Amino acid sequence: MKNITFKKATIAHKKIIFSWLAEPHIQEFWDNTQAHKDDILNFMDGRKKPSSYCNGKYVYWIGYTDSVPYAMLMTLEETNEDKIGELKLSNLSKTGNTYGLDYMIGNKEYFGKGFGARTLIDFIDFFRNEFDNKADTFFVDPEIENTRAVRVYEKAGFKHVSNFIMEGDCSGAGKLHHLLIKNFEARKG
């Protein structure tokens with residue numbers, strides 16, 4: 001399998017990200033609200049202004065295989081100061097940092113070729129080594145109908161913890177979601 005690398009999204013990725021967001025397979029489960037699109041643009045512009053979308057806390061990443069962009073990932077540090085609900089609060093890391101992940105393969109040519117779980121595994125390794133070495137807990141919370149995503153997350157080592165109703169004003173609010181978690185031992189030093 002080809003080499004997978006990751007970079008933070010920049011304005012150079014705008015066209016490809018927004019073309020992916022227009023794809024039917026993305027629109028089915030991905031947040032396509034204007035607030036989310038504005039937050040992506042704000043991030044790519046260096047977060048020069050406040051964002052109402054999750055308080056501007058998302059970091060957007062592009063996954064590449066060789067030099068071809070094919071996926072976007074989002075990370076959000078989850079803390080006990082956030083309004084994340086009792087289920088997530090009770091599963092926050094006690095020894096390190098916890099991050100929520102969201103993920104899409106935007107380029108359909110990479111479906112069915114083993115990139116789903118491998119991208120997540122490689123991204124978490126990259127993230128822990130290059131971005132936050134104290135990250136030891138990762139949450140994913142796909143809608144219950146998104147069975148394809150659940151299979152990918154489980155293949156990547158995430159364990160189902162519980163189901164819950166998504167709260168707040170985000171896409172998916174009021175719908176039943178799975179909470180899946182991947183834990184690591186805390187790193188020394």
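Preceding this paragraph is the structure being described.
On a predicted model such as this, the values are computed, not experimentally measured, just so you know.

Rules and cut-offs
Residues numbered from 1 in each chain as written. Predicted model: local features only at pLDDT ≥ 70, side-chain atom pairs only at ≥ 80, totals over all residues. Heavy atoms only, no water. Helix = DSSP H or I, 4+ residues; strand = E, 2+ residues; numbered from the N terminus. Rg over C-alpha atoms; globule rule 2.2 N^0.38 Å. Buried < 20%, exposed > 50% of the residue type's maximum accessible area, 1.4 Å probe, protein only. Axes fitted to C-alpha atoms, helices over the stretch in contact; angles between N-to-C directions. Parallel < 35°, antiparallel > 145°, perpendicular 65-115°, else oblique. Left-handed = near helix turned anticlockwise from the far one by under 90°. Contact = heavy atoms within 4.5 Å. Nonpolar A, V, L, I, M, F, W, Y, C, P; charged D, E, K, R; others polar. Pairing = 2+ DSSP bridges. Phe/Tyr/Trp six-rings, centres within 6.5 Å; stacked < 30°, edge-to-face > 60°. Lys NZ or Arg CZ within 6 Å of the ring centre and 35° of its normal. Core = buried A, V, L, I, M, F, W, Y, C linked by side-chain atoms within 4.5 Å. Expected span 1.5 Å × (residues − 1).

A. Seen up close, the overall build of the protein. A tally of regular secondary structure across the protein gives six helices and seven strands. Counting from the amino terminus, the protein carries its helices and strands in the arrangement β-α-α-α-β-β-α-β-α-β-α-β-β. Computed over C-alpha atoms, the radius of gyration of the protein comes to 16 Å, within 12% of the 16 Å expected from 2.2 N^0.38 for 189 residues, which places it in the range of a compact globule. Along the three orthogonal principal directions, the C-alpha set of the protein runs to about 40 × 35 × 35 Å. Put simply, the protein has 189 residues, and 46% of those count as buried.

B. Quick look at the packing of helix α1 (residues 14-21) against helix α3 (residues 34-44). Viewed as axis vectors pointing N to C, α1 and α3 meet at an angle of 165°, and their least axial separation amounts to 12 Å. Here α3 runs roughly antiparallel to α1, going by the angle between their axes. Handedness of the crossing formed by α1 with α3: right-handed. Seen from α1, the contacting residues are K14, I17, F18 and L21; seen from α3, they are K37, I40, L41 and M44. Broken down by class, the residue content of the contact of α1 with α3 amounts to six nonpolar, no polar and two charged.

C. Spotlight on the sheet that holds strand β7 (residues 176-183). Within the open sheet, the seven strands sit side by side as β1-β2-β3-β4-β5-β7-β6. Their pairing is mixed. Of all strands in the sheet, those bounded by a partner on one side alone are β1 (4-8) and β6 (159-165). In this sheet, adjacent strand axes meet at a mean angle of 30° when their direction is disregarded. Relative to β7, strand β5 (residues 135-140) runs antiparallel, the two sharing four bridges.

D. Local environment of the packing of aromatic side chains. Under the counting rule described, the total for this entry stands at 20 aromatic pairs. Here Y58 and Y60 contribute two aromatic rings whose centre-to-centre distance is 6.1 Å and whose plane-to-plane angle is 40°, an arrangement assigned as tilted. One exposure class covers both Y58 and Y60, and it is buried. Their ring planes at 85° and their centres at 5.1 Å tell us that Y110 and F115 sit as a pair that is edge-to-face. Exposure class is identical for Y110 and F115. Each is buried. Aromatic rings pair up to connect F6, W61, Y99, F123, F126, F127, F131, F138 and F184 into one cluster. Directly above the aromatic system of Y64 lies the positively charged group of K7, at a separation of 4.9 Å from the ring centroid. Seen from the ring of F184, R128 lies directly overhead, with NZ or CZ sitting 4.1 Å from the centre.

E. Region of interest: the nonpolar core. Core analysis: the largest hydrophobic core is formed by 45 residues, its most contacted members being I17, Y60, M72, L101, F138, Y153 and F158. In terms of nonpolar packing, the next biggest core, distinct from the first, is built from seven residues, L92, F139, L179 and I181 among them.

F. Structural view of helix α5 (residues 115-130). The end-to-end C-alpha distance of α5 is 21 Å, a good match for the 22 Å that 16 residues give at a rise of 1.5 Å each. Burial in α5 covers these residues: F115, G116, A117, T119, L120, D122, F123, I124, F127 and R128.

G. Fine view of the pairing of strand β2 (residues 59-65). Burial within β2 is extensive, with seven of its seven residues counted as buried. Neither face of β2 is left uncovered, since the one carrying V59, W61, G63 and T65 and the one carrying Y60, I62 and Y64 both have all their residues buried. Note that β1 and β2 share five bridges and pair antiparallel. Bridging across to β2, K7 finds its partner in I62. Across seven bridges, β2 lies against strand β3 (residues 68-78) in antiparallel orientation. Paired with T65 across the strands is V68, a residue of β3.

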